[in-house]
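# Survey of secondary and tertiary structure
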Amino acid sequence: MPDAAALLEVEGVVGGYGAADEILKGITVALAPARMAAIVGPNGAGKSTLLKAIAGILKPKAGSIRLQGRALTGLPPRSIAAQGVAFVPQEANIFASLTVRENLEMGGYLEPRAVVRERTEALMQRFPVLAEKRRRAARTLSGGQRQILAMAMALMVQPKLLLLDEPSAGLSPKAAEFLFDSIAAIHAEGTAILMVEQNALEALSIAEEGIVLVDGRVARTGQAQALAADPEVRRLFLGG
Amino acid sequence: MIQDWRDIAQILLNGLMTGSMLMLPAIGFTTIFAVLRYPNFAVAAYATVGAFAGWVANTQWGLPAGLALVAAFLVAGAVGLLAEEAALKPLRPSGPLTVAIASVALTLLIENILRFFFGNELRGYDLPILRDWRFDGIRIGPQQVQNTLYACAAAGALFAVLAFTRLGRAMRAVADNPQLADIKGVDPDRIARVAVFIGAGLAGFGGMLLGLDTSIDPLTGFRVILSVFAAAVVGGLGSIPGAALGALVVGIGEEMAGVLLEPAYRTVTAFLAILLVLSIRPQGLLGRAA
Amino acid sequence: MEAYIVAMLVFAGFYALMALGLNVIWGLAGMVNLGLVGFFAVGAYASALLTTKLLWPMPLGWAAGAAIAAVAGGIMALIVARLRGDYLAIVTLGFAEVIRLVASNEIWLTNGTDGISGIPGPWRGDVSPQQFNLIFLALVWCAVGIAFLLLSRASHSPFGRVLRAVREDEDVAAVAGKPVLWFKLRAFALGAAVVGFAGALYAHYNAYIAPDGFAPLLTIYIVLALTAGGVGAMRGAVVGALFVVLLLESTRFLAQEIPGVTPVQKAALRESIIALSLILLLRFRPQGLIPERTRTHSRPGATP
Amino acid sequence: MTAPLLEVRGLVRRFGGVVALDGLDLAVRRGTVTALIGPNGAGKSTAFQCISGVIRPDGGNVIFDGQDITGARPDRVTRAGLVRSFQIARGIPRLTVLENLLLYGQHQPGESLAVALLATQAMRRREEELRARAEAIAARLNLSRVLDNQAAALSGGQKKLLEIGRALMAEPKLLLLDEPVAGVNPTLAAEIARHIAHLREEGMTVLVVEHHMDFVASLCDPVIVMAEGKLLAQGSFESIANDARVQEAYMGRRVHA
Amino acid sequence: AVSSFAIGGKAFSQGAPIVFGALPPLTGAGGPYGPAMLRAIQAVVEEANAAGGIRGRQIRVVAEDDQTNPDAGVRGARKLIDVDRVSAMMGTWASSVTTAVAPLCWENRVPLFTVSGADSITLLPHQGFIFRTQPNSKLQIETGADFLLRQGARRIFHLAAQSPFAQSSQDVLVAKFRAAGGEVVGYTVYEREKTAFRSEVDAIMRARADTVFLNGYLPDVTILLRELFRAGFDGRRFAPAYAINQNLLNSLPHEVTNGAMTWQPSPDVDSGAFKRLERLFGNTAVDPYSAQTNDHAALAILAAAAAGDAGGVAIRDNVRRISQGDGEKVDNVTDGLRALAAGRAINYEGSSGPVEFDERGDIRGTKFRYERAAGGRFELVELR
Ligand SMILES: Nc1ncnc2c1ncn2[C@@H]1O[C@H](COP(=O)(O)OP(=O)(O)OP(=O)(O)O)[C@@H](O)[C@H]1O
Ligand SMILES: Nc1ncnc2c1ncn2[C@@H]1O[C@H](COP(=O)(O)OP(=O)(O)OP(=O)(O)O)[C@@H](O)[C@H]1O
Ligand SMILES: [Mg+2]
Ligand SMILES: [Mg+2]
């Protein structure tokens, strides 16, 4: 059911890795422009796999993915990026051997030079750790520092759609709070966000919609606050 | 054997001259490694291809040395690109070792294709051979000085590109994490092609210089691949200035043979030098720690 | 024709032994060893010298060949302890070259590039050349069989599991409580022993060894054999060796059928076909003919 | 009070210009689940690296169970009974989950070459024991389903679980966990907390780095706070959460008790 | 298998063709030599087939590439012996290949004709199955040294590629030069596969040698000549004719090669066999190895014809009968076959010399031709 108003439409997507090619067992979700949805669910449910499929890293076996009505299915990641989708993967999300500054510059690879310079400076101000470590190789960052860098790289472009895979993992409470504030701010500027989070309560509290993914299927969808309040969802997926 | 400082200076200079022949192929080798992260032994074949391309340009079409070198670069680069796309690229998902091994087979293949068309005869260029310069009893070869200059220029230019340009950054990003680079909008395949073209081209360029110094046959590149590989490793794989430096270490190591052991043990002294360097710096002179 | 096939199977046996040895060092423990032919030479020279100069009985010579190669392998492992991947490759390659040069230059010991001839073979001269070939065929393939069984056992044992862990991540293996260097050393020595044993047998089969015979080309063949067969799988090593000998030999007959080219072109075509087949094999069977599989499976329905 | 199981005195580690550890002192008492918290980049993981022998400290001492293990190789540290997990999960990608677990099993005679070749009875018996233990641990961590998968084919969270599972396999006296539940589903995280509590009952001592305050609050006592490579504060979770310095450096709004 | 290496497609008269195995290096370090060696063998066989073959039986050559590697050589020899059932083997080049292949030959009773130089080869217990057309290094170096002394050399530097005859050459040189009041001022063994020899050349310059003996092979001697030129060495340069051959002269500028001297075993200047081969090879001059393999084939053919039996033992036993003694002198197979058919005894004089063997299978007192490079060509200095 193509929705004229939707920014992102994922319809009946089936896909996986090599022999295990049915990790996603027919996923249908949609996101309207400038909305934010949080995806929650147990480990191994297929959350990251879904984001990878949208970002073009994984070619789905069946189903379709559309951005503003245009098919993304089968396009390489760089083309999808060029259409305004920024993706922060869960693992291996920085260039370890490049310096922090170069990482940011790579984040803005598709942007003009002047914009890159300007945003690099802006982001360094926003995240002072990055400014402090600008000349260091990213591999020397601590776990939390890496996470911030990965996030900042995605902010080097002004995407229509931001895909975040567990952005707060490994962040101190203070840093996580700051991060969620930042995400909310980016969202407020009109960016649509699809975010996978294990820090589920926090995520559902800033998102408008919630999606519960279990074993490759969408188990529940609905308003974020409502889901967060649902006792069964709380018990099964949100740690009580 | 060593009587005065002149002998020492001469040995060092000889090492430099010997090393100068390895520099360009080593830089080519390391350039490909820097982006694709596997040792491409086919640079041996690309060097031979360059030597033959230069030979054809020089003796068959009558082009001067400079233009023949350009031909060597272009033809070797093109062959490298073609071979990469057809033979090696499909193997990349199987891991660097598989590609490395396939590149050895590729070397055999290209060597024999050349043999098929050119036979085993030794060939020489239509170029004069210059006498050495002498300074106070020390001997320097103009040809080798020229080689060194070419290699340093190539190394400098490449290093600058890698370190300071958008393309260079993208190359290093692809080397580091091709998938993430793709996500950020880089076409890793295109970057790989650029690297392979430059790397193979430089190997071909170096191969022709090698041919100028020796003579060419289908084994021209193969004879030096061990030393080339050693140079790149000693310098630190993936480091462009490292490859140039490594070539010098290997060259000097080989020329020291006469002093340390016997000339018949050239390779042994070279490997002792390599072992020494690697036991102090396991990642090579200018390489980054793992 | 039968005699020829027998002889080629003997060769395949040597290659299989070498591939098995390499598989322990490279396939299991993940240490790139391009110095294979060096250990082969050490085994060959040790046994040849002991049996011709000191008149040791042959089986003792073979055992000594394996033992000396093992010691060389152990020393090598210590020297390269801190090196990884391609850095290891160049040092081991260098080792093989050093062995070859020593064999060429230390004439007092090795007879230099003249090589050592007249190395005894079991019942050589007492039986016909054909029978000698058959005896050796049995001998070599027995050795392959025993090596195969022992190494398979080692590879599926806890010992092999640690080696595979070392191959993937030394830090993790160390944190798991395993003395990484000690494991590497034993793997290197074990693999080198098998290769050295192959060298010893080879010397007595050929009756003659010379430095020229221990050129890097042989290492290339074995590495190709192992890759073709499947790195990590012991069966792969044996299958790969057979495959490479088949490829090397069958191309002779194929090349003969090509009309209208000179002999050099034929030779070039033959080697091209060999190279091309290997590239194609890697392309279409990237894990080799026999991919590595782990044998430790959980029991069905296992619950706490 | 008995001597602490682990004692770290004046630990220093520099990386080029960066001082990651700047004279860290800390002690872990036997039978506790101690938390080590602190801002990102405080030096927690570096402290783990130094204690477990993966990197060498530039100064200071690590004393474990009465033994000075400063700068000892990681395998020795592990065999002494101190096992750590990695923050950024480092599975052995081409081994299966089961093999990853078995790898951490100790006292396997089959790791000697001769025994491996002979496949002795002792080896097989020990292998059975380890296997039973591995299966039990996997079941606890929800990994039973992926026991035969290669570690490379796990989801991000599953890899973290495998990290914990492997460390448990070694039956350590002291377990060092670096962010065990980052990226782990909250329901499972709570279960892991219960499991760790259970291990403490059985006499194991645990030092855990974690940013999830619910997890820390429910499980850990005492809590050690470090910042900029040094000890900042120490005490029960309550006292820590109310410490102004800690709030300033570390806690967010939500955690203010 | 039917071989397309077979020469002479004419219908076979009488019975199966006789098969000769050729095992030259077509790839690897010997690659620059092998192809011409094989061509020389085939030329003779073609000629013999045109002359009606051996008592009506045609001859076929099956060639295998020894890859300049004993391991590959042994596999190739196995195939020739076991599959093609050759009655003679010829054209092995590298000493290591020859030594490795030799036991197979004598065990299977197949004579082996070789150009390898290592003295040890004919000392093997080969039961007469080895024939070496290359003079052993003692003989060869002695004549070379005599020539150099005649040319006025007194201070010689011996630069030898690592090979089985480096040391024995050195011993001979020292003895010869000392006896003549000269001196070997330096002796260096170098690694053949290297691409630079600057330090070696420095040593020559330092030793103030008036003559340098480049005891190596084509690729390395090419580099050495170049290096000597660069260094401004103005003494004599002397090398075996297989190291400095026409191919080398073609590949280097004339000013580099002018004056370099070579020597090789040779028949009389006007030898018909040599002329024939020269004609066949067109403008590339005949190198010593192909001159020898040309004789390998001729010897095998004539021996088989003389025996009336193409078996290996028969060939072994008849080689000396047709190559020495006071039979009718012939310098080609056509004449030889005709003479034998007519029942006359013959003495074959080949393109590499009079080819007479001693009891060990070594070539006996042969003549040598000494040449000097000038303007990219060889000119004869003397023949004795
Ligand atoms: N190899 C290294 N080279 C240079 N600096 C390093 C290296 N490893 C760590 N650092 C620096 O040392 C500091 C401490 O890092 P560490 O990883 O110990 O932090 P952490 O407390 O574990 O943080 P997190 O909670 O984010 O994981 C950081 O500033 C980090 O950038
Ligand atoms: N590279 C891979 N190859 C094969 N299977 C994989 C691979 N990566 C993940 N899987 C499997 O796919 C399933 C879904 O993985 P995915 O990473 O999407 O989970 P997730 O929902 O993101 O979990 P988590 O919260 O733990 O990150 C898991 O069962 C996992 O074992
Ligand atoms: Mg995930
Ligand atoms: Mg950390």
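How each quantity is defined
- Residues numbered from 1 in each chain as written.
- Chains lettered and ligands numbered in written order.
- Predicted model: local features only at pLDDT ≥ 70, side-chain atom pairs only at ≥ 80, totals over all residues.
- Heavy atoms only, no water.
- UniProt positions renumbered as here; feature names shortened; annotations may be inferred.
- Helix = DSSP H or I, 4+ residues; strand = E, 2+ residues; numbered from the N terminus.
- Rg over C-alpha atoms; globule rule 2.2 N^0.38 Å.
- Buried < 20%, exposed > 50% of the residue type's maximum accessible area, 1.4 Å probe, protein only.
- Contact = heavy atoms within 4.5 Å.
- Areas by Shrake-Rupley, 256 points an atom, 1.4 Å probe, with all protein chains shown as cover.
- Buried area = accessible area lost by both parts, 1.4 Å probe.
- Salt bridge = Lys/Arg side-chain N within 4 Å of Asp/Glu carboxyl O.
- Polar contact = N/O pair within 3.5 Å; in protein donor to acceptor, adjacent residues only side chain to side chain.
- Nonpolar A, V, L, I, M, F, W, Y, C, P; charged D, E, K, R; others polar.
- Near = heavy atom within 4 Å.
- Axes fitted to C-alpha atoms, helices over the stretch in contact; angles between N-to-C directions.
- Core = buried A, V, L, I, M, F, W, Y, C linked by side-chain atoms within 4.5 Å.
- Domains from an automatic or database assignment.
- Phe/Tyr/Trp six-rings, centres within 6.5 Å; stacked < 30°, edge-to-face > 60°.
- Pairing = 2+ DSSP bridges.
- Right-handed = clockwise from strand over helix to strand, strands pointing away.
- Donors = N, O, S within 2.8 Å, 3.2 Å for Na, K, Ca; no water.
- pLDDT = per-residue confidence, 0-100.

If you look chain D up in an unreviewed UniProt entry, it shows as ABC transporter ATP-binding protein from Falsiroseomonas bella.

As named in an unreviewed UniProt entry, chain A is ABC transporter ATP-binding protein, taken from Falsiroseomonas bella. Under the heading Sequence similarities (unreviewed entry), UniProt records this for chain A: "Belongs to the ABC transporter superfamily."

Secondary structure summary: chain A contains 10 helices and 10 strands in total. Over its C-alpha atoms chain A spans a radius of gyration of 17 Å, differing by no more than 12% from the 18 Å that the globule rule assigns to 240 residues. If you line up chain A on its principal axes, its C-alpha atoms span 45 × 40 × 35 Å. For chain A, the residues scored as buried account for 57% of the 240 residues in total. Restricting the contact set of chain A to residue pairs at least 6 apart, pairs at least 24 apart contribute 63%. For chain A, the accessible area works out to roughly 9100 Å², and carbon and sulfur atoms hold 53% of it.

We now examine the interface of chain B and chain C. Facing the 39 residues of chain B at the interface are 37 residues of chain C. For the chain B and chain C pair, buried surface summed over both sides reaches about 3500 Å², with 78% attributable to carbon and sulfur atoms. On the chain B side of the interface with chain C, the three residues burying the most area are B:Ile101, B:Phe116 and B:Tyr265, jointly 18% of the side's total. Applying the counting rule to chain B against chain C returns zero salt bridges. Counting the contacts that link chain B with chain C gives six residue pairs in polar contact (both at pLDDT 80 or more). Of all elements in the fold, only helix 4 (96-118), helix 9 (220-235) and helix 12 (266-280) of chain B reach the threshold of two or more residues within the side of chain B that touches chain C. No other element matches helix 4 of chain B, which puts 13 residues into the side of chain B that touches chain C. In terms of residue class, the side of chain B that touches chain C is built from 29 nonpolar, nine polar and one charged.

For the rest of this paragraph, the subject is the site of ligand 2. Near ligand 2 lie 20 residues; those nearest to it are A:Lys47, A:Ser48, A:Thr49, D:Ser155 and D:Gly157. Proximal residues around ligand 2 fall on chains A and D, making this an inter-chain site. In this structure, A:Gln90 approaches ligand 2 through a side-chain N or O atom, which is 3.0 Å from an oxygen atom. One nitrogen or oxygen atom from the side chain of D:Ser155 is found 2.6 Å from an oxygen atom belonging to ligand 2. Look at ligand 2: alone it shows 630 Å² of surface, and the protein chains cover 88% of it. Listed by contribution, the elements that provide at least two residues to the shell around ligand 2 are helix 1 (47-55) of chain A together with helix 6 (156-169) of chain D. Classifying every residue of the shell around ligand 2 by side-chain character gives seven nonpolar, 11 polar and two charged.

In this section: the packing of helix 2 (residues 36-52) of chain C against helix 4 (residues 85-105) of chain C. Residues and elements named next belong to chain C. Where helix 2 contacts helix 4, the two axes come as close as 7 Å, and the packing angle between them is 35 degrees. Where helix 2 abuts helix 4, its residues Val37, Gly38, Phe39, Ala41, Val42 and Tyr45 lie against Phe95, Ala96, Ile99 and Ala103. Of the residues assigned to the contact of helix 2 with helix 4, the class counts are nine nonpolar, one polar and no charged.

Another point: the nonpolar core. Grouped together as the largest cluster of nonpolar side chains are 415 residues, with contacts concentrated most on A:Leu194, B:Leu106, C:Tyr15, C:Ile90, C:Ile209 and D:Ile37. When residues of this core are assigned to their parent elements, the largest contribution, 19 residues, is made by helix 1 (residues 2-28) of chain C. Here this core spans two domains, and each of domain 1 (1-81 + 176-256) and domain 2 (91-171) of chain D adds at least three residues to it. Contact partners of A:Leu194, with chain neighbours within four places excluded, come to A:Leu8, A:Leu31, A:Ala37, A:Ile39, A:Leu51, A:Ile54, A:Leu161, A:Leu162, A:Leu163, A:Leu164 and A:Ile211. Grouped together as the second largest cluster of nonpolar side chains are 44 residues, C:Ala267, E:Val44, E:Met90 and E:Phe113 included.

All names here are of chain C. On inspection of all chains with the given rule, the structure shows 38 aromatic pairs over all chains. Geometrically, the ring pair formed by Phe132 and Tyr205 is stacked, given 6.2 Å between the ring centres and 5 degrees between the ring planes. Placement of the pair is Phe132 in helix 6 (residues 129-156) and Tyr205 in helix 9 (residues 180-206), with a sequence separation of 73 residues. The pair formed by Phe132 and Tyr205 is uniform in burial state, with each residue classed as buried. Assessed through its relative accessible area of 5%, Tyr205 is described here as buried. Members of the aromatic cluster, connected to one another through ring pairs, are Phe11, Phe14, Phe40, Tyr45, Phe132, Phe136, Tyr202, Tyr205 and Phe214.

This part covers the pairing of strand 8 (residues 211-215) of chain E. Residue and element names in this part refer to chain E. A large share of strand 8 lies buried, amounting to five of its five residues. Along strand 8, one buried face is formed by Thr211, Phe213 and Asn215 and the opposite face, lined by Val212 and Leu214, is buried too. Here strand 8 runs beside strand 9 (residues 236-240); their pairing, made up of three bridges, is parallel. Each bridged residue has a counterpart across the sheet, and for Phe213 the counterpart in strand 9 is Phe238.

Bringing the pairing of strand 7 (residues 183-190) of chain E into the picture now. Residues and elements named next belong to chain E. Taken across its eight residues, strand 7 has six buried, putting it largely inside the fold. Sheet analysis places strand 6 (residues 155-161) next to strand 7, joined by seven bridges and oriented parallel. Paired with His158 across the bridge in strand 7 is Tyr187. The parallel pair strand 6 and strand 7, bridged by helix 5 (residues 166-179), forms a crossover whose chirality is right-handed.

What follows is about the site of ligand 1. In the vicinity of ligand 1 there are 20 residues, among which A:Ser142, A:Gly144, D:Lys44, D:Ser45 and D:Thr46 approach most closely. With respect to ligand 1, the chains having nearby residues are chains A and D. Within the backbone of A:Gly144, an N or O atom sits 2.6 Å from an oxygen atom of ligand 1. At 2.7 Å from an oxygen atom of ligand 1 is found a main-chain nitrogen or oxygen belonging to D:Lys44. If ligand 1 stood free it would expose 640 Å²; the protein chains cover 88% of that surface.

Chain D puts 41 residues into the contact, and the matching count from chain C is 32 residues. Taken together, both faces of the contact between chain D and chain C bury some 3400 Å²; the carbon and sulfur share is 59%. Taken as a group, D:Glu111, D:Leu113 and D:Leu117 account for 18% of the area that chain D buries against chain C, more than any other trio of residues on that side. Among the ionic pairs, C:Arg164 bridges to D:Glu99, the shortest N-O distance being 3.1 Å. Across the contact surface, chain D and chain C share 13 residue pairs in polar contact (both at pLDDT 80 or more).

Next up on the list: the domain arrangement of chain D. Size of an interface: often given as the accessible area lost when the parts come together. All names here are of chain D. For chain D, the domain assignment lists domain 1 (1-81 + 176-256) and domain 2 (91-171). The centre of domain 1, based on its C-alpha atoms, is set 26 Å off from the matching centre of domain 2. Contacts between domain 1 and domain 2 engage 14 residues on the former and nine residues on the latter. In total, domain 1 and domain 2 occlude about 1000 Å² of area from one another, counting both sides; carbon and sulfur atoms represent 71% of this. Contact with domain 2 buries surface across domain 1, with Leu188, Ile192 and His195 losing the most and accounting together for 37% of the total. Taken together, the connections running from domain 1 to domain 2 amount to zero salt bridges. Linking domain 1 with domain 2 are two residue pairs in polar contact (both at pLDDT 80 or more). Breaking the side of domain 1 that touches domain 2 down by element, the ones donating at least two residues are helix 2 (74-80) and helix 7 (186-201).

Our next topic: unusual backbone geometry. Backbone torsion omega between D:Asp221 and D:Pro222 reads 0 degrees, so that peptide bond is classified as cis. Despite not being glycine, E:Arg208 has its phi angle at roughly 50 degrees, a positive value. Along the chain, E:Arg208 falls in the loop between helix 6 (198-206) and strand 8. A relative accessible area of 64% places E:Arg208 in the exposed class.

Further remarks concern the coordination of the magnesium ion (ligand 3). Residue and element names in this part refer to chain A. Surrounding the magnesium ion (ligand 3) are the protein donor atoms Ser48 (OG) and Gln90 (OE1), which sit 1.9 to 2.1 Å from the metal. Pair noted here: Ser48 is in helix 1 and Gln90 is in the loop between strand 6 (85-88) and helix 3 (100-107), with a separation of 42 residues, a long-range link. Overall, the relative accessible area of 15% leaves Ser48 in the buried class.

Note that chain A does not reach chain C: the shortest distance linking a C-alpha of one to a C-alpha of the other is 14 Å. Chain D makes no contact with chain B, the minimum C-alpha separation between the two being 13 Å.

Once that is clear, we can look at the confidence of the model for chain A. Across chain A, pLDDT averages 91, with 98% of residues at or above 70. When the elements of chain A are averaged for pLDDT, helix 10 (residues 231-237) of chain A gives the smallest value, 83, and strand 8 (residues 192-196) of chain A the largest, 96.

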